[in-house]
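Topology and contacts: notes
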Amino acid sequence: MNKDFHYYGTYAAARLAGYSAQDALVIARSAGFVDECTLEVARAVMKEANGQEAFRNLCGNAASIIPTAHSDAAIRTGNREWSGAFLDEVLRTWPCFHYLPGNFNEPETERETVLDYQGEASSLGKYAIWYYDDEAREQFKLLCLPNSPTVRGVVNSLKRERADQLHAVGLCMHVLADTWAHQHFAGIPAWFMNDVQLLGVEVQDLTPPEPRWYDNLDPMLRDTPHYNSMAFLGHALAGHQPDYACQSFSMKPQWSKKVLKRDNPSIFMSAFKQMLYALQCIKGVIAGEFELNTYADLGHDSFSTGENTELVDKVLRSQRSDQSLGWRICLRSLSLRDGAIDPGEISILRRCEKDWGQGRMDPKDMAAFQGAAKVHMEDVKRILAESGIFLDDIPPERVIALHLQLALKMPASGEAAIGEKALAELLRKALTEPGRNIAVRDKLEKRALAGPERLSLSGVCLTCPTMGGKPVTLEAVLPKEPATPGALKAGQAVKLRAAPMSEAEQERLYLCAWERSYVFCETRDWHMSGQKWVFEQERCLPDGSIDFTSPVSIKNVLYSDQPYLGPHSDSPWLTFSKNEIFWKVVPSFETAAPLTAPPDAAGEEAETDAPDSE
């Protein structure tokens with residue numbers, strides 16, 4: 001939705017719910033400000049308010065600022081530079097404040113409105129491949145829907161604990177209204193949820209054509225666009241059509257087999273009625289908690305209900321991209337329980353419309369708004385976590401710490417493991433090096449994944465994990481919580497991350513494939529398929545989990561023709577092979593090994609044979 005509805009529509013709903021003109025103005029300004037509170041705007045207010053008591057906890061502490069929106073420039077820059085910090089900020093901001101996740105059932109409940117994924121099972125792009133895997137299944141729960149458990153949770157939490165905090169009320173009404181306008185999209189950059197075709201848009205040219213900014217992205221960083229490009233954030237590919245109250249159109253999302261019809265005037269009317277009902281609950285006009293699928297009448301009797309409904313419907317169906325004027329006309333005739341709205345009140349409302357943009361706001365208001373944003377975000381994350389859904393957090397239950405050590409002893413068939421020729425070449429190189437002795441094979445078997453090193457390839461400086469005698473902890477990040485704590489499923493795509501080499505390397509930790517030649521560390525989700533790995537084992541446990549007492553092979557999802565992770569023959573770095581290469585996997589909680597073990601400790605473990613070929 002656009003600011004005309006969030007500001008004037010919220011004001012109208014607040015007045016109908018019984019709030020005074022002064023309180024309704026705070027609620028409306030807060031609702032409108034959700035779309036404007038970027039990091040840049042918040043910093044501008046901080047700069048003006050430096051030293052003031054109301055802003056003490058925010059001044060000089062950028063980490064404490066909670067942006068509720070991002071500028072287009074910030075999104076473009078974030079997409080181009082791609083940092084884990086910005087990705088986390090996006091995953092907090094857009095689902096919490098604009099695309100409230102709702103496509104899931106609460107524990108021990110079932111809802112008919114939960115949607116099933118019906119789109120493509122896989123897609124081959126220019127530089128990547130995408131699968132509807134466990135990670136995608138978890139992400140599909142983030143689809144925004146009205147009347148979701150998350151909506152009920154945030155409204156009732158507000159009613160119980162902060163009903164008198166008007167900034168929090170306004171912010172919550174913005175989020176509730178957006179669940180209607182943004183339904184069937186998700187607040188994360190995801191092709192499989194947010195790619196969409198618009199059909200039969202009835203009102204054209206409400207705004208000038210928008211540039212396809214993602215067409216000029218660096219193709220090596222992002223396909224044009226890549227499967228998790230910011231071009232697929234929310235309803236970006238649908239433009240502003242979902243936010244225009246007057247629009248009616250059909251759309252075909254990638255995730256659905258069906259064409260979905262949208263009549264925005266009716267959708268926005270439902271949003272207005274539910275928002276009015278929520279405000280009545282929060283104010284205590286209606287007893288009890290906020291319930292889903294419940295809507296308020298727009299008047300205090302049948303006559304006023306009919307008149308007010310007709311007035312609001314007329315505004316929503318007016319063929320204008322900005323319906324602010326229509327809302328002001330509507331307010332002049334709106335029938336309240338205690339009379340009509342004074343014209344002077346509307347003049348104040350209009351004058352205050354732009355007071356909160358570009359840093360033009362009172363520091364006390366900003367401090368109150370920031371406090372409301374923080375608690376609201378905590379509420380959303382808590383509600384989602386109760387159903388096993390996480391945004392920017394990776395819960396410890398989804399992280400398994402491992403030590404990887406080569407298992408070079410050959411099975412019966414040389415084709416099933418690293419390969420006789422490859423092993424012979426490794427041994428030949430080691431034996432011919434000066435100072436080596438006959439025990440070199442034992443030393444090779446004790447080679448483990450070691451710490452990262454800096455490597456320059458074609459002028460690009462990379463951080464690469466290496467092989468050596470000192471093992472380090474490598475973490476497998478699972479897409480969902482395992483049924484058995486600490487269990488790693490065979491065949492499940494996971495992400496692997498290394499310990500940071502230095503504070504400067506905190507961003508680039510996730511192992512990523514590089515042109516079938518090397519493995520390097522990059523920012524999370526820099527390359528979705530290149531950073532996904534599958535552990536395979538011929539004889540795993542009955543429940544499909546990896547048996548850590550037997551060797552495994554590790555495959556990269558992207559390069560299916562030569563997927564197996566292994567040591568490079570000419571360097572200490574990792575590469576890929578067509579032949580299976582076996583590893584001994586030791587969960588770190590089963591060992592007493594420190595993060596970096598002494599050289600001898602790495603070789604004291606018992607030799608393990610690779611599995612025999614059938």
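First things first, this report covers the structure right here in the doc. These numbers come from a predicted model, not from an experiment. Along each chain, residues carry numbers from 1 onward, in the same order as the chain's sequence is written. With pLDDT at 70 or above as the cut-off, local features in this predicted model cover only qualifying residues; side-chain atom pairs require 80 or more to be listed or tallied, and sums for whole chains, interfaces and linings still use all residues. To get the side-chain values, take all heavy atoms of the structure and skip hydrogens and water.

Here the phi dihedral of tryptophan 82 falls at roughly 50°; this positive angle occurs in a residue that is not glycine. Turning to its location among the elements, tryptophan 82 is positioned in the loop between helix H4 (72-81) and helix H5 (84-97). Positive phi, close to 55°, is recorded for asparagine 147, a residue that is not glycine. The topology assignment puts asparagine 147 in the loop between helix H6 (134-140) and helix H7 (149-161). The helix and strand labels rest on DSSP assignments: H or I over at least four residues marks a helix, E over at least two residues marks a strand, and numbering proceeds from the N terminus.

We define a salt bridge as a contact between a side-chain nitrogen of Lys or Arg and a carboxyl oxygen of Asp or Glu at a distance within 4 Å. Per the stated rule, a full pass over the model turns up 23 salt bridges. Lysine 495 is the salt-bridge partner of glutamate 135, the closest N and O atoms lying 2.7 Å from each other. One end of the pair, glutamate 135, is in helix H6; the other, lysine 495, is in strand S12 (residues 493-498), and 360 residues separate them in sequence. Burial classification: accessible surface area is computed with a 1.4 Å probe over protein chains only, and a residue below 20% of its type maximum counts as buried, one above 50% as exposed, and the rest as partly exposed. Overall, the relative accessible area of 9% leaves lysine 495 in the buried class. We note a salt bridge from lysine 381 to aspartate 392, for which the minimum N-O separation is 2.9 Å. Linking lysine 381 in helix H14 (residues 363-386) with aspartate 392 in the loop between H14 and strand S8 (399-406), this pair joins segments that are eleven residues apart in sequence. For aspartate 392, a relative accessible area of 15% gives the class buried. Each of Asp133, Glu135, Lys495, Asp525 and Lys532 takes part in salt bridges that share partners, so that together they form one network.

The topology assignment puts serine 248 in strand S4 (residues 248-253). Overall, serine 248 belongs to the buried group, its relative accessible area being 11%. For the purposes of these results, a polar contact is taken to be a pair of N or O atoms within 3.5 Å, where, inside protein, one atom must be able to donate a hydrogen and its partner to accept one; residues adjacent in sequence count only when each atom of the pair is a side-chain atom. One polar contact links serine 248 to aspartate 263, side chain to side chain, over a distance of 2.8 Å.

Turning next to the pairing of S4. Taken residue by residue, a regular strand's side chains alternate between the two faces of the sheet. When you tally the buried positions in S4, you get five out of six residues, the bulk of the element. Strand pairing is defined by DSSP finding a minimum of two bridges between the two strands. Note: strand S3 (residues 196-199) against S4, four bridges, orientation antiparallel. Counterpart to valine 196 in the pairing with S4 is proline 253. Pairing geometry for S4 and strand S5 (residues 260-263), over four bridges, is antiparallel.

Okay, the environment of serine 324 next. Here serine 324 is to be found in helix H12 (residues 324-333). Take serine 324: its relative accessible area is 6%, and that puts it in the buried class. Taking the C-alpha atoms as reference points, serine 324 and lysine 3, separated by 321 residues in sequence, lie 8.4 Å from one another. Note on contacts: a residue pair qualifies if any of its non-hydrogen atoms lie within 4.5 Å across the two residues. Sequence-distant contacts of serine 324, that is, excluding residues within four places in its chain, are made with Asp4, Tyr8 and Glu353. Reaching out from serine 324, the side chain makes a polar contact with the side chain of aspartate 322 at a distance of 2.6 Å.

Turning our eyes to something else, we now look at H7. Between the first and last residue of a helix there are one fewer steps than residues, each counted as 1.5 Å, and that sum is the expected span. The terminal C-alpha atoms of H7, which comprises 13 residues, lie 18 Å apart, in line with the 18 Å expected from a rise of 1.5 Å per residue. Every buried residue belonging to H7 is among Pro149, Thr150, Val151, Gly153, Val154, Val155, Asn156, Ser157 and Leu158, and all of these are buried. Contacts from the buried residues of H7 go to helix H8 (166-181), helix H10 (264-283) and H14.

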